[in-house]
Amino acid sequence: MADLRNNFVGIKSPNPFWLASAPPTDKAYNVERAFKAGWGGVVWKTLGEEGPPVVNVNGPRYGAIWGADRRLLGLNNIELITDRDLQTNLREMKQVKMNWPDRALIASIMVPCEEQAWKAILPLVEETEADGIELNFGCPHGMSERGMGSAVGQVPEYIEMVVRWCKHYTRMPVITKLTPNITDIRRPARAAKAGGTDAVSLINTINSIVSVDLDNFAPNPTVGGKGSHGGYCGPAVKPIALNMVAEIARDPETYGLPISGIGGITTWRDAAEFLVLGAGNVQVCTAAMTYGFKIVQEMITGLSDWMDEKGHKTLDDITGRAVPNVTDWQYLNLNYIAKAKIDQDACIKCGRCYIACEDTSHQAITNFVDGVRHFEVMDEECVGCNLCVSVCPVENCITMEQLPAGTLDKRTGKVVDPHYANWTTHPNNPMARQAAE
């Protein structure tokens, strides 16, 4: 059986599944229930400085995006950091860590961007014997207007500065949580590394308005007739998160920097994709809020079964395995040729592939042959874009098949070249022409 034990920057947990800093980790009651369900660790809901706690709204805090089957695809969240007293949180954290010494407990922290504020809170967190801290530089609403959260995460110089303070004032491992609300995720990751961070975690929520109430003309969630932008999370953000994780994992300046992957993780497969793209563990929020804490049991079983099936014994066997296969567009092999093929026995004659190709692509699929409804790919028109595969409702009915080297591509009239060639040397590339001249 696969060994799922996780060691992330020296923080040990029985599996790589942590709950992210959010409502599910707001108090001891929740965290105890999570650990009983099987979660390997939690990042406690973000702590603020001592004094009057922040004030959350007392009405709706979430807007939602649903699929056609009412499956939750995304949440827009306008909740702020913990609205519970700091000392209450600290006492509960200490007790939970005593009760569950084998589980990871991380303190998420957000205080003003002033050295004294960080110097004051870090010793208090250390007394809980938490395993590490996560610097919340990602929250895009409410706190960012106060100069915290993503207001810091969008300025690499501030990130480096605060990380240096934390590394100076605490013995605990420092995880820097990055905001996705930025043009190039590599810049804040580089800044965190320059400041001495032990790891980064990403992504935090994406700035968003998910919908508008067309009766009162206000964004959802609506509070007293008004709405605000919030943080978007859930399955819909996973592609954005995967790309940002991969960008950091393959950047020469941050290569090897430990990553805690966050963003839309709902199944074991989602988690595996983050791991193979360079994440050392994963954090989950929306899935737990949708299906409850016991969803982790399916994640653990699924990941373990897949690793056993593939012969992977430990998490180290899979972590980062896909990173070498992530490249820039200009290095993709232009001599790789593929054509779509339709399994006539599996085809249900719905015509989706035909209409998608006919109206929006390359007119490469028939709809009638000899007066009979029949869908077949015409190789002489097919560019191998795989749009038909994407819209087909029957899994594996349409597949992409590579043309072997030496065969004729009927569309171009050229024989498939066995050699690798990319855009950097293509004759149509003006930069390649200049280099040759």
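Definitions and limits used
Residues numbered from 1 in each chain as written. Predicted model: local features only at pLDDT ≥ 70, side-chain atom pairs only at ≥ 80, totals over all residues. Heavy atoms only, no water. Domains from an automatic or database assignment. Pairing = 2+ DSSP bridges. Helix = DSSP H or I, 4+ residues; strand = E, 2+ residues; numbered from the N terminus. Axes fitted to C-alpha atoms, helices over the stretch in contact; angles between N-to-C directions. Contact = heavy atoms within 4.5 Å. Buried < 20%, exposed > 50% of the residue type's maximum accessible area, 1.4 Å probe, protein only. Core = buried A, V, L, I, M, F, W, Y, C linked by side-chain atoms within 4.5 Å. Expected span 1.5 Å × (residues − 1).

## Quick word on the domain arrangement of the protein
Domain annotation for the protein reports domain 1 (6-325) and domain 2 (329-416). The centre of domain 1, based on its C-alpha atoms, is set 41 Å off from the matching centre of domain 2.

## Re the sheet that holds strand β11 (residues 206-208)
As summarised here, the arrangement of the 4 strands in space is β5-β6-β14-β11, forming an open sheet in which the pairing is antiparallel. In this open sheet, the two edge strands, each paired with only one partner strand, are β5 (62-66) and β11. Here the average twist between neighbouring strands, direction ignored, is 35 degrees. Pairing of strand β6 (residues 72-77) with strand β14 (residues 230-233), which is carried by 3 bridges, proceeds in the antiparallel orientation.

## Concerning the environment of His 141
Along the chain, His 141 turns up in the loop between β8 (132-136) and α4 (150-153). Taking the C-alpha atoms as reference points, His 141 and Ile 206, separated by 65 residues in sequence, lie 9.7 Å from one another. Residues in contact with His 141, not counting those within four places in the same chain, are Asn 77, Ile 78, Glu 79, Leu 80, His 229, Gly 230 and Gly 231.

## Some words on the pairing of strand β17 (residues 338-342)
Both faces of the sheet carry side chains from a regular strand, because those side chains alternate between them. In terms of burial, β17 is a largely internal element, 4 of the 5 residues being buried. As paired elements, β17 and strand β20 (residues 398-402) share 5 bridges and run antiparallel to each other. By the bridge assignment, Ala 338 is partnered in β20 with Gln 402.

## Remarks on the nonpolar core
Counting 82 residues, the largest nonpolar core has Trp 39, Trp 118, Val 125, Ile 133, Leu 135, Leu 202 and Leu 303 as its most contacted members. It is helix α7 (residues 238-250) that contributes the most residues to this core, 7 residues altogether. Contact partners of Leu 303, with chain neighbours within four places excluded, come to Leu 4, Pro 16, Phe 17, Trp 268, Ala 272, Leu 275, Leu 315 and Ile 318. Residues Tyr 354, Cys 357, Cys 382 and Cys 388 belong to the second largest nonpolar core, which totals 15 residues.

## What to know about α7
Look at α7: 18 Å from first C-alpha to last across 13 residues, which is about the 18 Å you get at 1.5 Å a residue. Within α7 the residues assigned to the buried category are Lys 238, Ala 241, Leu 242, Met 244, Val 245, Ala 246, Glu 247, Ile 248 and Ala 249. On its buried face, α7 sits against α6 (186-195), β10 (199-202), β15 (259-262) and α8 (268-276).

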